[in-house]
Protein chains: 2
Amino acid sequence: MPKDTFFNLSIEKRQRIIDMAIDEFAKYSYDKVSISKIVDKAEIAKGSFYQYFEDKKDLYKYLLLNVIVEKKVNYLSHFTLKMQEESFFEVLKALYIAGINFAKDNPKLAEISDHFTKNTDDNLKKEIYDGSIPKSNALLEGLLLKGIAKGDLNPDIDIKLTAYILTSLTISIGEYFIKELKVEDDMEIMTLIDNMLLIFEKGIKNKG
Amino acid sequence: MPKDTFFNLSIEKRQRIIDMAIDEFAKYSYDKVSISKIVDKAEIAKGSFYQYFEDKKDLYKYLLLNVIVEKKVNYLSHFTLKMQEESFFEVLKALYIAGINFAKDNPKLAEISDHFTKNTDDNLKKEIYDGSIPKSNALLEGLLLKGIAKGDLNPDIDIKLTAYILTSLTISIGEYFIKELKVEDDMEIMTLIDNMLLIFEKGIKNKG
DNA sequence: ATATAATGTGACCATATAGTCATATGACTA
DNA sequence: TAGTCATATGACTATATGGTCACATTATAT
């Protein structure tokens, strides 16, 4: 966590530091991000930076676990609502939509998340979400169980495997739509999501 | 491509350099790999390294595009055979099996591939497979088209999207089985693959 | 006005890197 | 034996990094 001095800063200065940090962490992976560059762009002295943060990891953690998470929460309200009542596939759809909307509205924050999930340094990974983030498959495992209980889903499916597949897609599909396909239009995105859900609902085999 | 001097080396020395490079690139991502460490471990002088390779990228490219690809080819023969005759799902199964067997037999090479696919430096990505690797979704797009033509697959599916999903799973599923689930047993792996194919064949919706 | 505490600062440190180059070694040729 | 060429070498360069620290500045309290 940043030190008190950081939170004692004027909102403008604090925001400037956060913004410049977001810029850099969105552009580069953790190792390539330069603190020197951040302090230059934020127009503070190197020494000041270390008065606000313990070290580089402290800043990174703060972005990942506070700045980003706080933004993401807003996008999940719709999903949380649906979760109670709607069918499994409606809930899953809401989840995908939330993820894609977040990425559309906050491309830089989405980049940072993407960099983190793609990071292959196990030490860093551990140090960042040591305890703080539950196994990310857990959410979908829960949804699948609920879906089976409700009778929405085939009870014979391999839950852990299905959760893994759907989770990794939740993470990558937003990137794919926006960065690869460069789809901007909301309608088009909806069609893509529907097509994807259809694959998981009914499979791709020909029933002839 | 490495320089002639590299190929003029004795097989032992050449192999020693390759092995130590594989060690390092399996452990660390491109940026974190240190040439100094490789030359130390391979017991050659730093200057010698630069007589064999243009630069760091040259070595990396060589591992990725020659050493690894040449190994991978062996695992795809079975798949190539099946491709001609069998049904779409049989071919897909062969593809997944090939990927997983490669990862089981060559864990370090699989790590290197994994690091590369997860690398987020677009410049590096471009410089490495500039032209040399076709869009990796293309293989599965082709298979899907063939599958539809044969009548194996529902002709209404979104081919590009399906190809993306199946491709990204080909890449990540081997890692998941081996590193996350720590499944070693061949039978168990087969069951997992079958379960996965079933999801894509018939979907996960309850038909009641 | 004085003393104390909180912040700000940038030169500096230790460290590491990719890559170079003048020189040494050894092999092959005439 | 002398000369030529490919190869081997490691000290060295230029550069960059995260992090520190002695000191300067400002704000607060007495």
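See the structure printed just above.
Cut-offs applied
Residues numbered from 1 in each chain as written. Chains lettered and ligands numbered in written order. Predicted model: local features only at pLDDT ≥ 70, side-chain atom pairs only at ≥ 80, totals over all residues. Heavy atoms only, no water. Near = heavy atom within 4 Å. Polar contact = N/O pair within 3.5 Å; in protein donor to acceptor, adjacent residues only side chain to side chain. Helix = DSSP H or I, 4+ residues; strand = E, 2+ residues; numbered from the N terminus. Buried < 20%, exposed > 50% of the residue type's maximum accessible area, 1.4 Å probe, protein only. Contact = heavy atoms within 4.5 Å. Buried area = accessible area lost by both parts, 1.4 Å probe. Salt bridge = Lys/Arg side-chain N within 4 Å of Asp/Glu carboxyl O. Nonpolar A, V, L, I, M, F, W, Y, C, P; charged D, E, K, R; others polar.

Asker: Explain the protein's contact with DNA strand C to me, please; I cannot follow it from the model alone.
Answerer: Around DNA strand C lies a shell of 19 residues, among which Thr5, Asn8, Gly47, Gln51 and Tyr52 of chain A are the nearest. Backbone atoms, meaning sugar and phosphate, form 60% of the atoms of DNA strand C found within 4 Å of the protein. Note that a phosphate oxygen of DNA strand C is positioned 3.0 Å from one of the backbone N or O atoms of Lys56 of chain B. Elements represented by at least two residues in the surface near DNA strand C include exactly helix H1 (4–8) and helix H4 (46–52) of chain A together with helix H3 (35–42) and helix H4 (46–52) of chain B. No other element matches the five residues that H4 of chain A contributes to the surface near DNA strand C.

Asker: For this particular structure, what's the right way to read the side chain of Asn66 of chain B?
Answerer: All names here are of chain B. Along the chain, the position of Asn66 falls in helix H5 (residues 56–85). Assessed through its relative accessible area of 18%, Asn66 is described here as buried. Those residues in contact with Asn66, other than ones at most four positions away along the chain, are Met1 and Lys61.

Asker: Help me out: how do you make sense of the interface of chain A and chain B in this one?
Answerer: Interfaces are frequently sized by the accessible area removed from exposure as the parts join. With 44 residues of chain A at the interface, the matching set in chain B holds 44 residues. Both faces considered, chain A and chain B share a buried interface measuring about 3,700 Å² in area, 63% of it formed by carbon and sulfur atoms. Where chain A touches chain B, the interface holds six salt bridges. With its nearest N and O atoms 4.0 Å apart, the salt bridge here joins Lys32 of chain B to Asp31 of chain A. Counting the contacts that link chain A with chain B gives 16 residue pairs in polar contact (both at pLDDT 80 or more). Mapped by element, the contributors of at least two residues to the side of chain A that touches chain B are helix H6 (88–105), helix H7 (107–118), helix H9 (137–150), helix H10 (159–180) and helix H11 (186–202) of chain A. Per element, the largest residue contribution to the side of chain A that touches chain B is twelve residues, and it comes from H10 of chain A. Here the residues of the side of chain A that touches chain B are counted per class, giving 19 nonpolar, twelve polar and 13 charged.

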